[in-house]
Amino acid sequence: MTWHKTISAKALKGAGGSSVKVGDEVVYIASVNDKLYAINGVCSHAKCILGIIEPEKLKVKCLCHHAEFNLTDGKMVTPPYVAPDILMDKLPLKVYSVKEENGFIEVDV
Ligand code: FES
């Protein structure tokens, strides 16, 4: 794994959360109450790019079918509305280490 420089910490703080390309991966990074989070940015249901952050619940919602993922552990916490019986525990997203370095967000991918 290697640390990769992504967007500025100021830009992330303004957005709350954002999907960014990191090497060959897409990573969803978020800043909530001065804490950083990074999970895989490709929805495990049907591969849409995440998403809209719900900072008060530490979740990100996929806009395709509204599945929701916990930012702290990548677990799917709400199923897609088109597949309410999906096995959510089989569809977690990978979690990455993330840090701020010299004003930029870095992710270990
Ligand atoms: S692709 Fe994300 S909920 Fe369906």
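Before reading on, note that the structure itself is shown above.
The following paragraphs examine the structure supplied in this document. For clarity, every value in this text was computed on a predicted model and none was experimentally measured.

1. Looking at the sheet that holds strand 9 (residues 97-101)
The antiparallel open sheet is built from 3 strands, whose spatial order is 1-10-9. At either end of the open sheet lies a strand with only one pairing partner, and these are strand 1 (3-8) and strand 9. Pairwise comparison of adjacent strand axes, ignoring direction, gives a mean angle of 30° for this sheet.

2. Overview of the nonpolar core
If you look at the biggest cluster of nonpolar residues, it comprises 23 residues, and the most contacted ones within it are Ile 29, Ala 38 and Val 107. Apart from residues lying up to four places away in sequence, Ala 38 is in contact with Val 27, Ile 29, Val 95, Tyr 96, Val 98 and Val 107.

3. Considerations on the pairing of strand 2 (residues 17-22)
Note that strand 2 and strand 3 (residues 25-32) share 6 bridges and pair antiparallel. Note on strand 3: the bridge partner recorded for Val 20 is Val 27. The turn joining strand 2 and strand 3, which pair antiparallel and follow one another in sequence, is formed by 2 residues; a positive phi near 60° is taken by Gly 23.

4. Description of the sheet that holds strand 5 (residues 52-54)
Across the sheet, which stays open at both edges, the 4 strands sit in the order 5-6-7-8 with antiparallel pairing between neighbours. The open sheet is flanked by strand 5 and strand 8 (76-78), the only strands paired with a single partner. Pairs of neighbouring strands in the sheet enclose a mean axial angle of 35°, with direction left out of account. Note: strand 6 (residues 59-61) against strand 7 (residues 68-70), 3 bridges, orientation antiparallel. Bridge pairing links Val 60 to Phe 69 in strand 7.

5. With respect to the environment of Asn 40
Among the secondary structure elements, Asn 40 is positioned in strand 4 (residues 35-40). As for Asn 40 and Tyr 81, which are separated by 41 residues in sequence, their C-alpha atoms are 21 Å apart. Not counting the four nearest positions on each side in its chain, Asn 40 is found in contact with Glu 25, Val 27, Gly 74, Leu 93 and Lys 94.

6. Some words on unusual backbone geometry
In the segment running from Leu 50 into Gly 51, the intervening peptide bond is cis, with an omega of -10°. Tracing the backbone through its elements, the reader meets Gly 51 in the loop between strand 4 and strand 5. The phi torsion at Lys 47 lies on the positive side, around 70°, for a residue other than glycine. Within the fold, Lys 47 resides in the loop between strand 4 and strand 5. A positive phi angle, near 55°, is found at Asn 102, a position not held by glycine. If you trace the backbone, Asn 102 turns up in the loop between strand 9 and strand 10 (104-108).

Rules behind the numbers
- Residues numbered from 1 in each chain as written.
- Predicted model: local features only at pLDDT ≥ 70, side-chain atom pairs only at ≥ 80, totals over all residues.
- Pairing = 2+ DSSP bridges.
- Helix = DSSP H or I, 4+ residues; strand = E, 2+ residues; numbered from the N terminus.
- Axes fitted to C-alpha atoms, helices over the stretch in contact; angles between N-to-C directions.
- Core = buried A, V, L, I, M, F, W, Y, C linked by C-beta atoms within 7 Å.
- Buried ≥ 20, exposed ≤ 12 C-beta atoms within 10 Å, placed from the backbone.
- Contact = placed C-beta atoms within 7 Å.

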